Amino acid sequence: YESGKAQFSYDQYVEAPEFSADAAKFEPAAGAALYEDKELKVKGADTEEKEHSLANDGTYTDIDLKEAEGQAEVSFDVPADGHYIPVLNVHKGPDGGVVRILIDGTDRGYWLDTYCEDEIWQAYTLTDLFLEEGSHTFTFEAFSKHPDSSGYHFGLDYINLTSPDDITYEAE
């Protein structure tokens, strides 16, 4: 993992995932797909719809945040007060930047480094959020870039907002 950080718990055993060279498509989990209409508000950024076989509906939005002032915003409605887990499917590549994610304008410490030597897809799961019923926003800001990156791009396929109640765990 690029950040060199990991989350763990002393009271749980977690098996490492098996990795494969085969490309895999990350399907959104049960929950509210927040970014299916592909509409963004942008400031200091350009967007382009691009085709890719691993994107959820065959296309994703390439957001060129240009420099540290670029922003893209996704607005969404939450149907009821509760805990939610946001999952973002992101395209990473040689022109990827480091993106800070604000929720309702508040920096909660979320950021993504979307630089990679090769073009890949990665599903990011953010931590549990308590959101009240009503309108909310995800704001993506250019923060910096990897020294080897050729830009500040951020490829967004989907954002999925899942309630912990939608996730079932099986005991071993």
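Scoring rules and cut-offs
- Each chain carries its own residue numbering, running from 1 in the written order of its sequence.
- Predicted model: local features are reported for residues with pLDDT of at least 70 only, side-chain atom pairs are reported and counted for 80 or more only, and whole-chain, interface and lining totals are derived from all residues.
- Here the side-chain values reflect all heavy atoms present in the structure, with hydrogen atoms and water set aside.
- Residues grouped as a nonpolar core are buried Ala, Val, Leu, Ile, Met, Phe, Trp, Tyr and Cys residues, joined through side-chain atoms within 4.5 Å.
- When a residue's accessible area, from a 1.4 Å probe over protein chains only, is under 20% of the maximum for its type it is buried; when over 50% it is exposed; and in between it is partly exposed.
- Here a helix means four or more residues in a row that DSSP labels H or I, a strand means two or more in a row labelled E, and each is numbered from the N terminus.
- Every residue pair with non-hydrogen atoms within 4.5 Å of one another is taken to be in contact.
- pLDDT expresses how confident the predictor is about each individual residue, on a scale running from 0 to 100.
- Pairs of N or O atoms within 3.5 Å make up the polar contacts considered here, provided that, within protein, one atom can donate a hydrogen while the other can accept it, and that residues adjacent in sequence are counted only when both atoms are side-chain atoms.
- Strand pairing requires that DSSP identify at least two bridges connecting the strands.

Draft legend 1. Summary view of the nonpolar core. Formed by 27 residues in total, the largest nonpolar core has its most connected members in Leu65, Leu88, Ile101, Phe140 and Phe154. Taken together, the elements giving at least two residues each to this core come down to strand 5 (71–78), strand 6 (82–92), strand 7 (97–103), strand 8 (106–113), strand 10 (129–131), strand 11 (134–145) and strand 12 (153–162). Once residues within four sequence positions are removed from consideration, Phe140 is found in contact with Leu65, Gly70, Gln71, Ala72, Val74, Leu88, Val99, Arg100, Ile101, Phe154, Leu156 and Ile159.

Draft legend 2. Representation of the confidence of the model for the protein within the structure. Scored by pLDDT, the protein has a mean of 77; 72% of the residues are at 70 or more. Ranking the elements of the protein by mean pLDDT puts strand 1 (residues 32–33) last, at 52, and strand 7 first, at 92. Of the regions scoring below 50 in pLDDT, residues 1–17 engages in 7 contacts with residues more than four places distant in sequence or in other chains.

Draft legend 3. Broad picture of the side chain of Thr61. Following the sequence through the fold, Thr61 ends up in strand 4 (residues 59–64). Exposure remark for Thr61: the relative accessible area of 1% places this residue in the buried category. A polar contact is formed between the side chain of Thr61 and the side chain of Glu49, at a distance of 2.7 Å.

Draft legend 4. Focus on the pairing of strand 5. Where strand 2 (residues 41–43) meets strand 5, 3 bridges bridge the pair, whose relative direction is antiparallel. Paired with Lys43 across the two strands is Gln71, which belongs to strand 5. In this structure, strand 5 lies alongside strand 11, joined through 8 bridges in antiparallel fashion. Paired with Ala72 across the strands is Phe140, a residue of strand 11.

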